[in-house]
Amino acid sequence: MFKKEIKKQKKIKSTKAEKPKQLQSPKGMHDILPGDQIWWDEMRKISADIAQFYNFSPIETPVLEQVELFERSVGTSTDIVEKEMFTLKTKGGDRLVLRPEGTASIARAYIEHGLSHMPQPLKVWYAEPMFRHESPQAGRFRAFHQTGFEIIGGNIDALFDAQIILSLHRFLEAANIKSLTIQINSIGCKVCRPNYLKKLINYYKDKTKKLCNDCRNRLEANPLRLLDCKKETCVPIKADAPSLLDHLCATCKDHFKSVLEYLDELGIIYTLNPYLVRGLDYYSRTVFEIFSDASPLALAGGGRYDYLIELLGGQPTPGVGGAIGLERVIEAMKAANLKPNVKFKPTIYLVHLGDVAKRKSLKIIEMFRSSGIRVKESLGKDSLKNQLRSADRERANLALILGQKEVYEESIILRDLDSGTQESILISKVVEEVKKRLR
Ligand code: HAM
């Protein structure tokens, strides 16, 4: 008896050991399950509506790009390129990276496909996943989605800066996010920025001992980013640093003034933030970020990039754009107890009872297909209660109930799920009747 028990325990142990480890999605990367798709439908709908209204055409680029693309555009001394890229080497020896952002890819595509020959400026939009190897925390993920808008080519016109900011702002308004603030700055151009940087370096050079490690490195590699430091040690030093806005050349000043005038005209409220420089090196002149009261993390950001196309080997071509972090928008909506606004189309649900009805069910659904009416079902579920429960979950408005009796009589029961009333209708007439009710 005792031996038998030991044998049994051993058997249990060995089956336990054989059970494969449960796998999980990679750190900072999330599944979007069916129940959450309603939020993403809402994001896709708002993106497409805004793009259509402001005349942006969709564009898609590969999820993998050459590492060099981001080294040359975003910049080798930025956090994104230095610390956050998911890179891989192909068997052929190519260095590829999961794209950390969309603008550089679009600039590459613009040059590669000669898009400068299309009517200018080219206005494109995208809604795609991006990848950055960051420390995951609320609102900061390793795989996340952005909707972005870019205007490339044409003149360097402040109207385009304003239209980008307007599109992003309208997106966030459509998501019902309240208390939006736009922070805006100009970081100058090739003419005025070098002068400013000299002054900035001069100001910081005898304060290095008081700076954090990152800022000491920035002073060498990317001095403009000194203005971005939020560490306690560096903030007071930054407060007395020369201001970028005071060192803009006349052209940059005019451009910035013009952008602000457009925003004033549109009634879009903004705050000047002379410390806003952004974490990507390709920007020139206007830079901005949009926040809501709910979170210290930006919901959207962007700016002008008049040297990017040239930097990547194209003709000198101006550009301006911005992108929204969709996970952050959904989080902000959930935090404010907002619900997705997606309008449900009236839904019809087919309920079948018994084998004879089950056999007929696919044919009934096909009758509706030719009329463009979608019929939901839970084919394979047998009980009426379960099927009606799923119909309720799907927020169906009408149920078609088919039992054995109905099949023999070539009829079907049409039940209005809102009022609970029902009637028997000939199968040959049911599509017309449903169409009438949906109207
Ligand atoms: P960005 O500021 O790096 O700009 O990203 C834009 C938005 O993406 C952010 O405001 C934020 O909402 C979201 N985001 C960024 N990183 C994460 C993350 N780790 N987790 C969740 N959300 C995140 C760009 O990417 C530029 N390409 C924008 C642009 C377009 N500039 C010109 N055109």
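Residues numbered from 1 in each chain as written. Predicted model: local features only at pLDDT ≥ 70, side-chain atom pairs only at ≥ 80, totals over all residues. Heavy atoms only, no water.

A. A look at the packing of helix α13 (residues 355–369) against helix α16 (residues 427–438). Where α13 meets α16, the axes come as close as 10 Å, and the angle between the chain directions of the two elements is 45 degrees. Considering their axes alone, α13 and α16 lie oblique with respect to each other. Both α13 and α16 take part in a crossing whose hand is right-handed. Between α13, through I364, M367 and F368, and α16, the contact on the second element is made entirely by I427, V430, V431 and V434. Here the residues of the contact of α13 with α16 are counted per class, giving seven nonpolar, no polar and no charged. (Axes fitted to C-alpha atoms, helices over the stretch in contact; angles between N-to-C directions. Helix = DSSP H or I, 4+ residues; strand = E, 2+ residues; numbered from the N terminus. Parallel < 35°, antiparallel > 145°, perpendicular 65-115°, else oblique. Left-handed = near helix turned anticlockwise from the far one by under 90°. Contact = heavy atoms within 4.5 Å. Nonpolar A, V, L, I, M, F, W, Y, C, P; charged D, E, K, R; others polar.)

B. Spatial organisation of a nonpolar patch on the surface. Together, V63, L64 and L88 give the surface a local cluster of nonpolar side chains, amounting to about 200 Å² of exposed area. Residue placement: V63 occurs in the loop between β1 (57–58) and β2 (64–66). Taking relative accessible area as the criterion, V63 reaches 33% and is therefore assigned partly exposed. (Patch = residues over 30% accessible without salt bridge, like charges linked within 9 Å, V, L, I, M, F, W, Y side chains within 5 Å. Areas by Shrake-Rupley, 256 points an atom, 1.4 Å probe, with all protein chains shown as cover. Salt bridge = Lys/Arg side-chain N within 4 Å of Asp/Glu carboxyl O. Buried < 20%, exposed > 50% of the residue type's maximum accessible area, 1.4 Å probe, protein only.)

C. Structural context of the pattern of salt bridges. With the rule as written, the count across this model stands at 27 salt bridges. With a shortest N-O distance of 2.7 Å, E65 and R108 are connected by a salt bridge. With E65 in strand β2 and R108 in helix α5 (residues 103–112), the pair connects residues that are 43 residues apart, well separated along the chain. Across the pair, R108 and E65 agree in class, each one buried.

D. The arrangement of the environment of K27 in detail. Its location among the elements puts K27 in the loop between α1 (2–18) and α2 (37–53). Since its relative accessible area comes to 57%, K27 is described here as exposed. Each C-alpha atom, one on K27 and one on Y203, is 41 Å from the other, the two residues being 176 residues apart in sequence. In contact with K27, other than residues within four places in its own chain, are P136 and R142.

E. Looking closely at the site of the ligand. With respect to spatial proximity, 27 residues lie near the ligand, and among them E101, E134, E150, R278 and Y283 are the closest. At 2.9 Å, a side-chain N or O of R132 approaches an oxygen atom of the ligand. Between the ligand and the protein, one listed contact pairs a nitrogen atom with a side-chain N or O atom of R328 at 3.5 Å. Among the secondary structure elements, those contributing two or more residues to the shell around the ligand are β6 (143–152), β10 (300–304) and β11 (319–325). Tallied by class, the residues present in the shell around the ligand amount to 11 nonpolar, nine polar and seven charged. (Near = heavy atom within 4 Å. Polar contact = N/O pair within 3.5 Å; in protein donor to acceptor, adjacent residues only side chain to side chain.)

F. Highlighting the pairing of β6. Within β6, nine of the 10 residues are buried, which leaves the element mostly enclosed by the surrounding structure. Across 10 bridges, strand β5 (residues 122–131) lies against β6 in antiparallel orientation. Directly across from W125, in β6, lies its bridge partner F149. Two elements, β6 and β11, share seven bridges in a ladder whose sense is antiparallel. Note that in β11 the partner of Q146 across the bridge is G325. (Pairing = 2+ DSSP bridges.)

G. How the structure looks around unusual backbone geometry. In the segment running from Q120 into P121, the intervening peptide bond is cis, with an omega of -5 degrees. Structurally, P121 can be placed in the loop between α5 and β5. One non-glycine residue with positive phi stands out, namely N176, at about 70 degrees.

H. Representation of the packing of helix α3 (residues 67–75) against α5 in the model. Where α3 meets α5, the axes come as close as 10 Å, and the angle between the chain directions of the two elements is 110 degrees. Considering their axes alone, α3 and α5 lie roughly perpendicular with respect to each other. For the pair α3 and α5, contact is made by L69, F70 and S73 and by A104, S105 and R108, respectively. Looking at side-chain class alone, the contact of α3 with α5 contains three nonpolar, two polar and one charged residues.

I. Looking closely at the side chain of R193. Note that R193 resides in helix α7 (residues 193–204). For the buried residue R193, which engages in no salt bridge, the nearest side chain bearing the opposite charge is D281, 7.0 Å off. The contacts of R193, once residues within four sequence positions are left out, are I187, G188, L224, Y283 and S284. (Lys, Arg positive; Asp, Glu negative; His and termini not counted.)

J. How the structure looks around the nonpolar core. Core analysis: the largest hydrophobic core is formed by 49 residues, its most contacted members being F70, Y204 and L227. Counting residues per element, the ones that place at least two in this core are α3, α4 (79–83), α5, β5, β6, α7, α8 (213–221) and α11 (308–311). What L227 contacts, discounting residues up to four positions off in sequence, is Y196, L200, K238, A241, L244, P274, Y275 and V277. With 47 residues, the next largest nonpolar core counts L168, A175, L260 and I330 among its residues. (Core = buried A, V, L, I, M, F, W, Y, C linked by side-chain atoms within 4.5 Å.)

K. α13, seen in detail. If you check α13, its first and last C-alpha atoms are 22 Å apart, about what 15 residues at 1.5 Å a residue would give, namely 21 Å. At S361, α13 is deflected by roughly 35 degrees, the largest bend along its length. The complete set of buried residues in α13 reads A357, S361, I364, I365 and F368. Packing partners of the buried residues in α13 comprise β12 (348–352), β13 (375–377), β14 (398–402), α15 (404–409), β15 (411–416) and α16. (Expected span 1.5 Å × (residues − 1). Bend = angle between axes of the 7 residues up to and from the residue.)

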